[in-house]
Each structure stands twice: as C-alpha cells, then as structure tokens.
Amino acid sequence: MAAGPERPVAEAQQQERDQPPIENGFMWLEQTQAPRLLPHVDGSVLPSLGGFGKHQKQLVILTWIPALFIGFSQFSDYFLLAQPNGTCVQPLVNGSNWTMGSLTLPVTVTNGGIGTPVPYLPLDNGTGGGVGDSGGMQCACKEWKLELQTGLSQNVVTKWNLVCDSAWKVHIAKFSLLVGSIFGYLVMGILADWFGRHPVLIVSVLFMLVFGLSVAFSFNVTMFSTLRFFEGFCLAGLTLSLYILRIELCLPGWRFSMTMVASFLMVGGQLVMPGVAALCRGWPARDDWQVLQIIIICPFVLMLPYIWIFPESLRWLLATQHYRRSKAMMLCIARKNQVSQCSISLSELEHELHKKPKRTCIVKMTSTRNLWKNIVVLCVNSLTGYGIHHCFARSMMDPEAPVSAMFHADYYTMAGIAVATCLALCPAVAFMGRRGGLLTFMIITALASLLQLGLLNLIGKYSLRHDTVLRDTLNRKFSVAFSIIGMFSSHAVSTLSIFFCAEITPTVIRGGGLGLVLASAGFGMLTAPIMELHNQKGYFLHHMIFAACTLLCIICLLLLPEPRNQPLPESLADGESYTRQPLLTHRPGEQHLLLTKPGDRDLYSRVHDTPRHLTATGDAPEGHQWLDLNGW
C-alpha cells in the first residue's frame, strides 16, 4: 500500500540526481529553441492575418458608434440637474430685516416687491439647524415658480422642488453617476481581464438599458439617485470594454488615430446634447426630462446585435492561452481579410492546444518592479488633469452672472475647448510622442495654474493699486485667458494619460490597469460637485493643491517609457521590460544592457548561469547550453 505513493517521489529524486547540481545560484539551460511567434501579436500574428485589414476596420467602426451615445449620457447631468431661475410666489412672512443666505440659484419675490431678494430665516436662533445650506439658513417661501434656461421646461430640480433646504439632494444626484462610474471602472476592469472583453461589453449594454430606462420612471429623487448609480456603473463598463477592444484591434501605427476618432464622436455628443434637450421641450404626455432620459438610453438598443457580430479580442485569447478559441477566430479573420496562408501561426498553435487557459488579476501588478510605478504615475496624472480642469472652468465663468443665464455660453465654450484639444493632440503626439506630448501639456497646465494664482495678485498689488476699476478688469481678462489655456491643456493631459495607460499595460491586466486610471479620473471629476456642495468654500486651497500636483507630475512623467510605434505588451514580463529610454544617446562602443526587443526578451528569459565547476573544467552535458554571467 505504501509503495504506490513512494514511487513518484523516488522518480523525482532520481531526476534530480541525473541533473547537474545547482551551485551558487547557477542552473542548467536546455538547448535554445526557435523563438515563439504567438506571444508577438503585433509582430507576427496580426500581420499573418492581414494586418489592419477589412475585418479589423469594420470592428473599429462598430466601437465608434456607441461613443456618440456615451457622450449623451456623460453630459446629461447638465440638463437633468440644471439649476433654474426661482421666483418666490408666496413668502412665509413679511418684513424688512431679513438676512440673505447663500443659495445657488437667482431668486426674486413677487409678494412684497419685485426684484427683492428672497428672505431667509435662521433656524434655532441662528445656530445652524438648517439642512442643505452651509450657513444653517432656510428659505422662507411657501410656493416657488422655477424656470429653466437649458432647453427643458422641467427637470429633476423643478419636478421635486430641490431648492433651499432640499438643494443638497441635487448634489447627491450628481455624486451618484460619478461614484457609480468609479466603482464600474474598478469592477468591470477586473472582470474584463478574467472573463474577457466581450462578456463585459454585452452585460454592460443589457443592464444599461434596464437601469437607464428605469431612471426615467423614478417617482422621487432617492430612486432617481439610486438608479443613476447603477446607470453610471454600466456606463463605465461599456466605455472601458469598447476602449480596450479598440486598442487591441489596431496595429501600432493605427492605435492613436482610431482612439481620437472616438474622442471626437464623444465630444460631438456633448455639442449635440443641447439640441436634443430642446427637441424634448413641452412633451404632451410626459415630463420632458423623462423623454430626454429615454432618448439618451434608447440608442443603446442598436448594440444588442453586438452579441453575435462582435467577437472576443484575439489578443486577449492568445495572452490567456485560450488557444482553441483562438484557432477558430484566426481562421475566421484570415477568411474575412482574404488571406490565403497563415500557416506559421497556426502550425505553432497546434502544439499549444493542450494548454489550459491562464488568467491574471490586476493584483499581480504589485509583484512587478516598474509596471506598477508607471500605472500609479498615470493615475495621479489623470486625477490631477480632471481635478484642476474644474478649477479652470469655475474661474472662466462670470461669478456675478446667473448660472442659468450663462449656461449655453459656458457649455459651448467647454465643448469648443474639448474639440480644440482633440485637434491639437493629433499633431502634438505625432511630433513629440506620447511621453513628450504628455509632459508638454502638463507643463502648460502648471504654468497656467501658477500664473493665474500668483500673477493676478501681483498686478493688483504693485501695478494698479489706485485704479481699482482697471485692476479688476485686467484681473478678469487674465483669469479668463489663463482658464481657457488651462482647460485646454488639462483636458489633453487627461485624455493622453488614459491612452498612455492602455498602451503600456499588458494585455493580461489591461482592463484592471485602465480601470484604475479611469477611476482616478472619476475622482478628479468628483471634486466639482463636492465644491458645489460646500458652496465653493475652500476653492483657493483646492486649486493650490492641484497646482502642486502638476509640479509633482512633471517630475514623475520623466520615469515613463515611450510606447510610440511599439507593440502592445502581452504578458507581465513584457510590461515590465517597458522601461524608460535614456534622454541622451549612448556613446559609440557602449554596451546596451537592457534588452528591449521582443526576441531578445524571450531569449533572455531562457538564459541561466553556468555552474562554476563546469565553467572551470569545460564539462557540460550534451544537448545543453551554458552561459556564465560572471564575466558579463
């Protein structure tokens, strides 16, 4: 009975005795084999299947179409939760000694004098017992007349009178979509690495339709905020999976241009959104905000056929060793691209069919030496870019103008800046590369922020201390100019950071890595409603913190590699080998110690040291190679 279990142990011990002994960390290496082609998708697999052929182009176009609908959903808060003009029809009390509190909407009174500010009454003798107002004040009005200037005649704020002591619920509703997106990026990114890009895409579309349409039938603001959380969660999964699929379909020369087309379509959704809202105004059967929500969500029905027509990412299948599914997909791609011979990849694939699928979680990133640092740097860049973007946007707006009156001017200004950013990114990245372009735009962002914070005070302190009118005019003009420049550069930083991460993160954890950077961007966006909730208190400190972060990012960006015209890394080893290139070229005769080519990386992974006793005697087993690194 004991002989059975002991036999494998004895055989293992015999094999260990047959092998040369390990000495001082040296071990034997088998005869070098021909380099494998399957791990090099950009270098061997895709070119043998027709490169960026008809099949890949059709699928990339299919990833562009939803970008317009995603733009609608991402900017819907500007209309569904817009602040209205408020008129108090019936105040609670009359009197002349009312104190003015801090409201976010312009208000007037029809009882007791037109144009008089709406009165506020302190609660608990001014001790601050009010809810939703930072000063503890409550609006003394029984009946409101609220008017929107954003294309709709009614939205969530006017539907449930979310003003005065209920104004905080508007900010919670804004939080819900962003917080849902942050969780969606983190969770869906991990699922995209574990189960594939296609399942995440389909599940996100199905639940996006369910939760998105349910938002339109909310009967109170609590239900609206809850459903918006899940809508943001599904929207994040949809955005993430499409972004990854688009990147993984393209060869190195096409990646950035195909991504920028999707960015243009998303900005196009932002530009078209006011027209869509205007078409929904005055709907007879339902509230027009409900009609707007339905119109935003219904186009996602066009993505239901993606269940059958959109395949899984071939790059992910090969990286995770789903070789049987890869073989069928490669034959299908070769047929659609009209490629007659792809025997090199298929012949190697035949020998790998016995291997089981191997998945990797984003947690494995912590075991790397360089990869996790690169991802952390890009996360900080993305957070800083979106966070300081709100600071510039607020500085650009006229603080004395009503929010609703300046809505269209500010909205189209931000959309125009986004279009200009996308137009400028294309030549900038083509000329300077990913790292050079990101560093340039981050320097511009830091300069615009520091000049806006410091130069304006110097102008008022030393140059125009007596002419206050001219000083205020110049301050305002300089503030607007620096804000536009800062919004332009910060938007470029955010866009390029996300794309940079998608290029340097290995395929096996690309979903999780990209999810981390997109979630960091969501945290940056979240600063806007947080500042509004606190009635812009601490805004200067908020801007100062992000200005300091830009300086930190400039230093950290020098540590990043340059992925332009480089193949996408497939495994963790590939991602770890993407190291920073030296700024200065090597001198003639210098030895390059870093192996950056794919073939060299594979060769280096099979190299081990030679035992000293065999090096000294020259005796080595037949059929094995030895390499002594002591004399390297």
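For the structure itself, consult the block above.
How each quantity is defined
Residues numbered from 1 in each chain as written. Predicted model: local features only at pLDDT ≥ 70, side-chain atom pairs only at ≥ 80, totals over all residues. Heavy atoms only, no water. 1 Å grid on protein atoms, 1.4 Å probe; cavity = no way out; pocket = protein on both sides within 12 Å on 5 of 7 lines; lining within 4 Å. Points joined across faces, edges and corners; volume = space filled by probe spheres on them. Helix = DSSP H or I, 4+ residues; strand = E, 2+ residues; numbered from the N terminus. Nonpolar A, V, L, I, M, F, W, Y, C, P; charged D, E, K, R; others polar. Expected span 1.5 Å × (residues − 1). Buried < 20%, exposed > 50% of the residue type's maximum accessible area, 1.4 Å probe, protein only. Phe/Tyr/Trp six-rings, centres within 6.5 Å; stacked < 30°, edge-to-face > 60°. Lys NZ or Arg CZ within 6 Å of the ring centre and 35° of its normal. Patch = residues over 30% accessible without salt bridge, like charges linked within 9 Å, V, L, I, M, F, W, Y side chains within 5 Å. Areas by Shrake-Rupley, 256 points an atom, 1.4 Å probe, with all protein chains shown as cover. Salt bridge = Lys/Arg side-chain N within 4 Å of Asp/Glu carboxyl O. Core = buried A, V, L, I, M, F, W, Y, C linked by side-chain atoms within 4.5 Å. Contact = heavy atoms within 4.5 Å.

A. Structural detail: empty space enclosed by the protein. Under the defined criterion, the tally for this structure stands at one cavity of 30 Å³ or more. Taken as a whole, the largest cavity holds about 140 Å³ of empty space. Residue lining of the largest cavity: 16 residues in total, with Glu 248, Leu 249, Ser 313, Leu 314 and Arg 315 positioned closest to the centre. Contributions of two or more residues to the lining of the largest cavity are made by α2 (41–48), α3 (54–74), α8 (221–249), α12 (314–319) and α13 (323–336). Residues belonging to the lining of the largest cavity are distributed by class as follows: ten nonpolar, three polar and three charged.

B. Representation of helix α7 (residues 197–215) within the structure. Counted at 1.5 Å a residue, the expected span for α7 with its 19 residues is 27 Å, and the 26 Å between its end C-alpha atoms agrees. All of the buried residues along α7 are Arg 197, His 198, Val 200, Leu 201, Ile 202, Ser 204, Val 205, Met 208, Leu 209, Phe 211, Gly 212 and Val 215.

C. Focus on the packing of aromatic side chains. Per the counting criterion, the structure on display carries 16 aromatic pairs. Ring pairs connect the aromatic residues Phe 75, Tyr 78, Phe 79, Tyr 411 and Tyr 412, which therefore count as one cluster. Seen from the ring of Trp 194, Arg 359 lies directly overhead, with NZ or CZ sitting 5.9 Å from the centre.

D. The arrangement of a nonpolar patch on the surface in detail. A cluster of nonpolar side chains, contributed by Val 203, Leu 206, Phe 207, Val 210, Ile 307, Trp 308 and Ile 309, occupies part of the molecular surface with about 660 Å² of accessible area. For the nonpolar patch, the secondary-structure elements that each account for two or more residues are α7 and α11 (306–309). A per-element tally of the nonpolar patch places α7 first, with four residues. Relative to the assigned elements, Val 210 resides in helix α7.

E. Region of interest: the nonpolar core. Leu 292 and Phe 300 are the most contacted members of the largest nonpolar core, which totals 75 residues. The greatest single-element share of this core, amounting to nine residues, is contributed by α8. Apart from the residues lying within four places of it in its own chain, the contact partners of Phe 300 are Phe 69, Ile 70, Ser 73, Val 205, Met 208, Leu 209 and Leu 238. In terms of nonpolar packing, the next biggest core, distinct from the first, is built from 54 residues, Ile 182, Ile 362, Val 377 and Cys 553 among them.

F. Focus on the environment of Cys 556. Turning to its location among the elements, Cys 556 is positioned in helix α19 (residues 539–557). Judged by relative accessible area, Cys 556 falls into the partly exposed class, the value being 23%. With 182 residues separating them in the primary sequence, Cys 556 and Asn 374 have C-alpha atoms 8.9 Å apart.

G. Structural context of the pattern of salt bridges. Here the structure, examined in full by the defined rule, presents nine salt bridges. Here Glu 248 ties to Arg 197 by a salt bridge, and the two come within 2.7 Å at their closest N and O atoms. With a gap of 51 residues between them, Glu 248 in helix α8 and Arg 197 in helix α7 connect regions that are remote in the sequence. Across the pair, Arg 197 and Glu 248 agree in class, each one buried. Between Arg 228 and Glu 231 there is a salt bridge, with its nearest N and O atoms 3.4 Å apart. Taken together, the positions of Arg 228 and Glu 231, both in helix α8 and three residues apart, correspond to about one turn of that helix. As far as burial versus exposure is concerned, Arg 228 and Glu 231 are alike and both buried. Connected via shared salt-bridge partners are Asp 193, Arg 197, Glu 248 and Arg 510.

H. Broad picture of the environment of Ala 418. Here Ala 418 lies in helix α16 (residues 407–463). Distance from Ala 418 to Ser 489, taken between C-alpha atoms, is 9.8 Å for residues 71 residues apart in sequence. Excluding anything up to four places from it in sequence, Ala 418 contacts Val 267, Gln 270 and His 491.

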